[in-house]
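The primary structure of each chain is shown beneath.
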Amino acid sequence: MDVLSINQQIYIRRSDGRVHLAGIIKLDGSSKNIVTVEWREGELTRGKEVALDAVIGLNPQIYGAPCNKRAASAQANAMVSIAPRPANPQLFPLNVNGFIVPRLSAGIGAQSAVVTATPRQPVQQLPLQQLNNNSIGGGQEDVVRKVERLRMQRECRRQLNSQTRALRQWCVSTYAGNPNWEVARMLHLYRLQMQLQPVESCGGQTSKQHQILVCVRKRPLNLRELKLQELDMVSVPHEELLVVHEPRKQVTLTKFLEHHHFRFDHTFDEHCNNAQVYEHTARPLVRHIFEGGMATCFAYGQTGSGKTHTMGGEFTGKQQNCRDGIYAQAAHDVFAMLLLPRYARQGLAVSCSFFELYGSRVYDLLMAGKPQLRVLEDGQQHIQVVGLIEEPVRTTGDVLTLLELGNSVRTSGQTSANCKSSRSHAVFQIVLRSGQSQKLHGKFSLIDLAGNERGADNSSANRQTRLEGAEINKSLLALKECIRALGRQSAHLPFRGSKLTQVLRDSFIGGKKVKTCMIATISPGLRSVEHTLNTLRYADRVKELT
């Protein structure tokens, strides 16, 4: 034991027969005579306790034991396998369509590992005992054995190279014509090992009850993206988890995927329709306003990610079907709950208002000519939109008529991402007033926000488009700050940061009577990865408050 020292490199034998170097980290000189060693395998550090007798048997050179040339050669042969095995035993365990592919680790850049693509062929490894028995021969036998070992190693390398070339050719032929075939291959291999749970199977679970609810909806690839052979870079393993696969490059220009994991209250994949989204987001808030509360539900995301589709209804060409949007579904549930005996006795009346915020100006979408309105604060410090029309409604059909009228005059424009992009925030409010006094009983604000944009994307746009983008981003930042203050139960709410938060002031003030739902809509295309990550980080900061 005195000959050994900490950090000294010695040979050890693994339980599977392999022999390799390891560093000493502890010496136990008691009656047990145990030596503790550790070594690196890829990104992992492994350790083992070895008996002193086993150390002496494998390291005779340390203790000065007699060791002739033949025995030393046999010992060296025992240390080297005919085909070196990878440090990670899970490097080649996955067989996909008769091809060997590597398993992916959780670390970044796992896809940059070497992969093979020919049918599995066992690699021969010479047993250690056989090498020791054969080492008794003369020096000529040692030379022959070394030459044979080198030949086998050379054949193994050639086999690996041919397998790698075969996999490359298979990927090129599979993703023919796609310039991003390398990214598609890594994405395919990663998803083969993901445990996917369809979101539809989670539909029977009860909706979560939080003061701030954050959900994410992923839209499918559109016709333009399919024509450009865009890749779907967003995966939804189950109803609360979402993974974004971001293509990156190492310093050596090796491509790999960085996997960003986000967890929210609900995530909806491209197969979910508006009815499923409404069931988990806005529907619980309808009951809340009947109990005297204030509710806000807004859609946030990149231009062209599906906000208007979610809030207003599905598009068939350029025509929008307002019946299956969250606006119409919420109105339908409001009238259904008015028929319940518990609320029918209260004599509640329903009215709706529909207006837009374009820059710092407010316009009424239900009044002829779309006049500009003023936002003022009265003596009780309540924000009033002067001249805003509240149309009394009695059926869902009346609400649909108002929605079609408002959507027809809403401000829209063309951007680099969407030929008909909403350039204003549309606010549709369902107001409940009690009895003859017309006292406010509850309010449900449904907001279709304008798409957030980066300045780099608008560098080639005209001045008007750049000013619109700046105003949109300013109001979205103010909205986020108000939601954060609401989640912290802060005494100060910065609602004066923009016209949008001023109009929604009563939706932020009220403590437990106020509930908010955020629906973040994302685009799955490869060109939208950066926008998608920005949207999810925005939503993740809001989610941290709950």
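Throughout, residues of each chain are indexed from 1 in the direction in which the sequence is written. Whole-chain, interface and lining totals are the exception, using all residues; otherwise, since this is a predicted model, local features are given only for residues with pLDDT of at least 70 and side-chain atom pairs are given and counted only at 80 or more. By convention in this description, side-chain values take in all heavy atoms of the structure and omit both hydrogens and water.

Quick word on the sheet that holds strand E9 (residues 241–249)
- Strand order across the open sheet formed by three strands is E8-E9-E10, with antiparallel pairing between neighbours. Two strands close off the open sheet at either side, each with one partner strand: strand E8 (234–238) and strand E10 (255–263). Each neighbouring strand pair of the sheet contributes to a mean axis angle of 30 degrees, computed without reference to strand direction.
- By the bridge criterion, three bridges tie E8 to E9 in an arrangement that is antiparallel. Bridge pairing links Ser235 to Val243 in E9.
- Two residues form a contact once any of their heavy atoms are found within 4.5 Å. Only C-alpha atoms enter the line fits that serve as axes; for helices the fit covers just the stretch in contact. Angles between N-to-C directions range over 0 to 180 degrees. Strands are runs of DSSP state E lasting at least 2 residues, helices are runs of H or I lasting at least 4, and numbering of each runs from the N terminus. Lying over the sheet, helix H5 (residues 181–192) contacts E8, E9 and E10, oriented at roughly 45 degrees with respect to E10. One bridge is not enough; two strands pair if DSSP finds at least two bridges between them.

Regarding the sheet that holds strand E4 (residues 44–51)
- Pairing is antiparallel across the open sheet formed by four strands, whose spatial order is E1-E2-E3-E4. A strand with exactly one partner marks an edge of an open sheet, and here the two such strands are strand E1 (9–13) and E4. Sheet twist, expressed as the mean angle between neighbouring strand axes with direction ignored, is 45 degrees.
- When strand E3 (residues 34–41) meets E4, the two strands line up antiparallel, connected through eight bridges. When the bridges of E4 are listed, Val37 appears paired with Lys48.

Re the UniProt feature "binding site: ATP" (unreviewed entry) in the protein chain
- UniProt positions are given in the numbering used here, feature names are shortened, and annotations may be inferred rather than shown by experiment. When the UniProt feature table is mapped onto this chain numbering, "binding site: ATP" (unreviewed entry) sits at Gly301, Gln302, Thr303, Gly304, Ser305, Gly306, Lys307 and Thr308.
- Contact partners of Ser305, with chain neighbours within four places excluded, come to Arg219, Thr521, Ile522 and Ser523.
- Distance and chemistry together define a polar contact, namely a pair of N or O atoms within 3.5 Å, with one atom able to donate a hydrogen and the other to accept it when in protein, and with adjacent residues in sequence counting only for side-chain atoms on both sides. In terms of polar contacts, Ser305 uses its side chain to reach the backbone carbonyl oxygen of Gln302, at 2.7 Å.
- Tracing the sequence through the fold places Lys307 in helix H9 (residues 307–312).
- For Lys307, the contacting residues outside a window of four places in its chain are Ala299, Tyr300, Gly301, Gln302, Asp448, Leu449, Ala450, Gly451 and Thr521.
- Engagement of the side chain of Lys307 in a polar contact is seen with the backbone oxygen of Gln302, the distance being 3.0 Å.

Some thoughts on the packing of helix H10 (residues 326–338) against helix H12 (residues 396–409)
- As a packed pair, H10 and H12 sit with axes 9 Å apart at the nearest point and diverge in direction by 155 degrees. With respect to their mutual orientation, H10 and H12 come out roughly antiparallel. Remark: the crossing between H10 and H12 carries right-handed chirality. When H10 is examined against H12, the residues Tyr327, Ala328, Ala331, His332 and Phe335 are found in contact with a partner set consisting of Thr396, Val399, Leu400 and Leu403.
- For the contact of H10 with H12, the per-class residue count stands at seven nonpolar, two polar and no charged. Oblique is the label for every angle not falling under 35 degrees (roughly parallel), over 145 degrees (roughly antiparallel), or within 65 to 115 degrees (roughly perpendicular). By convention the crossing between two helices is left-handed if the near helix lies anticlockwise of the far one by an angle smaller than a right angle, and right-handed if it lies clockwise. The residue classification treats Ala, Val, Leu, Ile, Met, Phe, Trp, Tyr, Cys and Pro as nonpolar and Asp, Glu, Lys and Arg as charged. All others, Gly included, are polar.

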